[in-house]
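Overview (structure and organization)
What follows is each chain in one-letter form.
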Amino acid sequence: MAQVIFYIIGAFILGMAILAVTAKQIFRSAIWLLFSLIGVASLYFWMEMYFIAAVQIIVYVGGIIVLVIFAIFLTHQSDEDMPQPSLKRKIASALAILLGLAFTTSLVFQYGFTPSPIPFDTEVNRIGRQMLNTGDGGFALPFEAISMLLLAAMVGCIVIAMRDSRPIQKTESSSSNTLQNHPQEMNT
Amino acid sequence: MMFSLENITNSIHEWLYANLNATLALIIEFAIIGVLVIGLFAALGLVLIMMERKVSSWMQLRLGPNRVGPGGMFQTVADTIKLIVKEGMTPDRVDKLLFNLAPFIVMVIAMVVMAPIMFAKGFQIWDINIGVLFVLAVSSISVIGILIAGWASNNKYSLLGAMRSGAQIVSYELSAGLSVLAIVVLSGGLRMSTIIDAQQTGWWLFKGHIPAIIAFVIFIIAVTAETNRAPFDLAEAESELTGGFHTEYSGMKFALFFLAEYVNIFVVCAIGATLFLGGWMPFHIGNWQAFNHVMDYIPSSIWFFGKTFLLIFIIMWFRWTFPRLRIDQLLQLEWKYLLPISMFNLLLATVVAIAGWHF
Amino acid sequence: MGLRNYLSDVASGVKSLLTGMKVTGRLFLRHHKEKITQQYPDNKDTMVYPERFRGEVVMPHDDNNEHACTGCTACELACPNGTIKIITKFDVTPEGKRKKAIDTFIYHLQLCTMCNLCIEACPTDAIKMAQTFEHSVFDRSQLIKKLNQEGSKIREGVE
């Protein structure tokens, strides 16, 4: 029963991923990617890793895919079919896929997964404690480093988006022109 | 307790597992839950649309629907029948698959979000350990349904409505999440039952001091925006966009969008009632034993639905009072006011929780 | 300074929102006493018309079948869409003078927007707005009305 559910979810993820790559329209391929990511989240749910599943949905579905769709909306011709890639590119990408597949399978077979006897602890409190733990096996330093990185990114965004606060100076020539033109019109 | 949903569900559960094998019993329980959820959907749609029309008419000194049935009670039933028998048009040159998929995505998401809500004492579909986070995560998918509907319609009004809706939901999710976090910090858990148990001695709105009140106000504003309701209904602004993302929809597909809107209102108000007003917890005042016993005598489901409908009424009150915001005002309200205030408020709530200043 | 401005902004915003909600909240609680809806075909007999409601232009006549219209055509000139057409004639007074008077006062109801400009233009208050509004007929020609009654004449003393 459990294995059947696993294979159904896996087939769903892979099927949606293939659709995402082969779709003719860029918007559709974003939607298939979305379903693929939801499939990954449902895999986490099935493994009872609820927190990771929720974070997967919030970050990828609620954040990244929405931004991708926004970018697609803002581009022209988003509803037209994309051109077929050239044969050279097709061969290159097929080779890359084969290489990646071979690499992953060799890793999987070398590692030889064995089921762990330790039961999962999915309490969110534990994740938080671990994240801010400065002792052994704690993630306080990486956590702070990442937060510094994100803060720097945020400040950078604000600086780029900030409007220039200096008042726009009117050019002298344009204002004087209107003044000069006016009497002439009056005369004629 | 004379009337308890918990006992009913427990006895059904025990009877099923005693008389059938485990898999079959589980499937039957799923089926029962599915039927109940769909039934609740239909009932909510009818009741909430009726309530909205009556509230709006009373606030404008009108009569509201009063022709079908006593006091117009069956107006929404008649409307539903009309929408069911109406032809569901799919216009030419739309993306047919996505066009037909979008209303179902919105609907399914609204159904899934119902899972962790505690409708009464011990009456809950799934007491997942990340309860509130689950609701926040899953409800963020519903914006995708709106974006798909807007794009697939091949209509510029729909596209504009969808883009506005996307910008709005993505930004207001932040302050809704932060105001929810303030309560999570105070109660020390994401699980719905933990949050309700933490309010045994008093609702967070009353015993959480200033941070809880600020969080409550921000939460109500943010969820009004997230459910695309006036004064934040730019996504479907009738006067500018002829209906926004559901311009091209008709018949049952339109009805699904409409129903999902109202069910989403119910869900967010149920979350608000759980976080701030103690869910099914009865109203207690300190040491007034007699008063507290009388309050205990009222069934928990009535407490829950009463609080939820109070919040729904407040959101409807907003809709029939305030004019619609412009898109820049909308984003300004979120990024310049709600977000900084709710961040500061989260800090305040943390201080209160650590110092134990709440009752 | 910036922070104080910010907080006072928030406070004044909240205050104005609450003021609005107070108004609608009050109306919600008071709705049983005061209803503005007219259930039109049902309450035909008891219907109350607002004072300034404009239905159509009429020319009141008194018991002697006399009106106050001098035929000055001020209303015709004032009308923005040519609703009024006045055909004048010349009466001969007992003194032998020729005096201008109206022959037919034609009013096209289908063109009228009830803007009230003709009433305001009239120097003798000969026409006014009535409150009838059930104007639907089966033929468009029935909407062209002659406002002065058959055999009517101008009231004595109106110039």
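Please read all numbers here as calculations on a predicted model, not as lab measurements.

Criteria and cut-off values
- Residues numbered from 1 in each chain as written.
- Chains lettered and ligands numbered in written order.
- Predicted model: local features only at pLDDT ≥ 70, side-chain atom pairs only at ≥ 80, totals over all residues.
- Heavy atoms only, no water.
- Salt bridge = Lys/Arg side-chain N within 4 Å of Asp/Glu carboxyl O.
- Helix = DSSP H or I, 4+ residues; strand = E, 2+ residues; numbered from the N terminus.
- Buried < 20%, exposed > 50% of the residue type's maximum accessible area, 1.4 Å probe, protein only.
- Axes fitted to C-alpha atoms, helices over the stretch in contact; angles between N-to-C directions.
- Parallel < 35°, antiparallel > 145°, perpendicular 65-115°, else oblique.
- Left-handed = near helix turned anticlockwise from the far one by under 90°.
- Contact = heavy atoms within 4.5 Å.
- Nonpolar A, V, L, I, M, F, W, Y, C, P; charged D, E, K, R; others polar.
- Buried area = accessible area lost by both parts, 1.4 Å probe.
- Polar contact = N/O pair within 3.5 Å; in protein donor to acceptor, adjacent residues only side chain to side chain.
- pLDDT = per-residue confidence, 0-100.

1. Describing the pattern of salt bridges
Residue and element names in this part refer to chain B.
- The final tally for this structure, using the stated rule, is 12 salt bridges over all chains.
- Residue Glu-52 pairs with Arg-229 through a salt bridge whose shortest N-O separation is 3.0 Å. Taken together, the positions of Glu-52 in helix 2 (residues 22-59) and Arg-229 in the loop between helix 10 (209-226) and helix 11 (238-241) put the pair 177 residues apart, joining distant regions of the chain. Each member of the pair Glu-52 and Arg-229 is classed as buried.
- For the salt bridge of Glu-52 with Arg-319, the shortest nitrogen-to-oxygen distance reads 3.2 Å. One end of the pair, Glu-52, is in helix 2; the other, Arg-319, is in helix 14 (residues 300-319), and 267 residues separate them in sequence.
- Since its relative accessible area comes to 3%, Glu-52 is described here as buried.
- Members of the salt-bridge network, linked through shared partners, are Glu-52, Arg-229, Glu-261 and Arg-319.

2. Here we look at the packing of helix 3 (residues 50-74) of chain A against helix 5 (residues 131-139) of chain B
- Where helix 3 of chain A meets helix 5 of chain B, the closest approach of the two axes is 8 Å, and the angle between their N-to-C directions is 30 degrees. Put simply, helix 3 of chain A runs roughly parallel to helix 5 of chain B. Here helix 3 of chain A and helix 5 of chain B pass one another in a crossing that is left-handed. Between helix 3 of chain A, through A:Phe51, A:Ala54, A:Ile57 and A:Ile58, and helix 5 of chain B, the contact on the second element is made entirely by B:Leu133, B:Ala137 and B:Val138.
- Class assignment of the residues belonging to the contact of helix 3 of chain A with helix 5 of chain B gives a composition of 7 nonpolar, no polar and no charged.

3. So, the interface of chain A and chain B
- On the chain B side, the residues contacting the 27 residues of chain A number 29 residues.
- Both sides together, the interface formed by chain A and chain B hides about 2,400 Å², and carbon and sulfur atoms give 81% of it.
- For chain A, the biggest contributors to the area lost against chain B are A:Tyr50, A:Phe70 and A:Phe73; these three give 23% of the whole.
- There are 0 salt bridges connecting chain A and chain B.
- Linking chain A with chain B are 0 residue pairs in polar contact (both at pLDDT 80 or more), by the criterion used here.
- If you tally residues by element for the side of chain A that touches chain B, the top one is helix 3 of chain A, at 13 residues.
- Residue classes in the side of chain A that touches chain B are distributed as 20 nonpolar, 4 polar and 3 charged.

4. Let's talk about the confidence of the model for chain A
- Across chain A, the average pLDDT comes to 80, with 84% of residues at 70 or higher.
- Confidence over residues 172-188 of chain A falls short of pLDDT 50; this stretch has 0 contacts with residues more than four positions distant or in other chains.

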